[in-house]
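# Summary of structural features
The lines below spell out each chain.
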Amino acid sequence: MRESNWWYGVAVVPILTAVVWISHLGAEAGFPLLSVITGIGLVFVGGLLVPLFSVSLIMDVRALNQSENGWNPSKPLYYFIAAIHVFGFVTPLVYVATLFGATAYLTQRHKNVGSP
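Keep in mind that what you see is a predicted model, and the values were worked out from it rather than measured. (Residues numbered from 1 in each chain as written. Predicted model: local features only at pLDDT ≥ 70, side-chain atom pairs only at ≥ 80, totals over all residues. Heavy atoms only, no water.)

## Overview of the nonpolar core
Inside soluble globular proteins, nonpolar side chains tend to come together where they are buried. Selection criterion: Residues belong to one nonpolar core when they are buried, are Ala, Val, Leu, Ile, Met, Phe, Trp, Tyr or Cys, and are joined through side-chain atoms within 4.5 Å. Exposure is judged per residue with a 1.4 Å probe applied to protein chains only, and the accessible area is read against the type maximum: over 50% gives exposed, under 20% gives buried, and values in between give partly exposed. For the purposes of this entry, the term helix denotes a DSSP run of H or I that reaches at least four residues, the term strand denotes a run of E that reaches at least two, and both are numbered from the N terminus. Only heavy atoms enter the contact rule, under which two residues are in contact if any of them lie within 4.5 Å.
Counting residues in hydrophobic clusters, the biggest one holds 19 residues, and the most contacted among them are V10, V13, F53, L57, Y78, Y105 and L106. Among the elements of the structure, α1 (7–28), α2 (33–66), α3 (75–85) and α4 (92–113) are those that each provide at least two residues to this core. Residue contributions to this core peak at six residues, all from α2. Setting aside residues up to four positions removed in sequence, Y78 forms contacts with L57, V61, P73, G101 and Y105.

In structure tokens:
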């Protein structure tokens, strides 16, 4: 089985979330153009990328468990993270918690598989 590229969908959400937060801090510091980037970024990250993240995490875990790469990530753990990520719309605390889960996943994936 060839390597899974689903991890891109997992990685894009934490990266774009960081960009949105940096833009927000810049807007608060007096750069009004960055508030436009923050607004567009919140809609994009919140509305479009939440499903992408959840589906990508599930599909990547599934692909890695089916391959013979030596690492089988925990399906219950990462499926749970993917499921509760959708509730990031309700409370930012859940969203932030799942971003930590995504970062841990990508770190473990890198150590065990070599990418990202």
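## Let's talk about the packing of α1 against α4
For the record, the criterion: Axes, fitted as lines to C-alpha atoms, cover a helix only where it is in contact. Angles between the N-to-C directions of the axes lie from 0 to 180 degrees. Here roughly perpendicular refers to angles of 65 to 115 degrees, roughly parallel to angles under 35, roughly antiparallel to angles over 145, and oblique to all remaining angles. Less than a right angle of anticlockwise turn of the near helix away from the far helix marks a crossing as left-handed, whereas a clockwise turn marks it as right-handed. The nonpolar class holds Ala, Val, Leu, Ile, Met, Phe, Trp, Tyr, Cys and Pro. Asp, Glu, Lys and Arg form the charged class, and all remaining residues, Gly among them, are polar.
Interaxial distance between α1 and α4 falls to 10 Å at its minimum, and their mutual angle equals 130°. By the angle class used here, α1 and α4 are oblique. Judged by the sense of rotation from one axis to the other, the crossing of α1 with α4 is left-handed. In contact with W7, V10, A11, V13, P14 and T17 of α1, α4 contributes Y95, L99, A102, Y105, L106 and R109. Residues belonging to the contact of α1 with α4 are distributed by class as follows: ten nonpolar, one polar and one charged.

## Notes on the packing of aromatic side chains
Each pair of aromatic rings is reported with the distance of its centres and the angle of its planes. Going by this rule: Any two rings among Phe, Tyr and Trp, with Trp reduced to its six-membered ring, count as a pair given centres within 6.5 Å; such a pair is stacked if its planes are under 30 degrees apart, edge-to-face if over 60, and tilted if neither.
On inspection of all chains with the given rule, the structure shows three aromatic pairs. With a centroid separation of 5.8 Å and an interplanar angle of 40°, the aromatic rings of W71 and Y105 are classed as tilted. Linking W71 in the loop between α2 and α3 with Y105 in helix α4, this pair joins segments that are 34 residues apart in sequence. For the pair formed by W71 and Y105, the shared burial category is buried. Between Y78 and Y105, the ring centres sit 4.8 Å apart and the planes meet at 65°, which makes this aromatic pair edge-to-face. Highlighted residues: Y78 in helix α3 and Y105 in helix α4, separated in sequence by 27 residues. The burial state of Y78 is the same as that of Y105; both residues are buried. One aromatic cluster in this structure is built from W71, Y78 and Y105.

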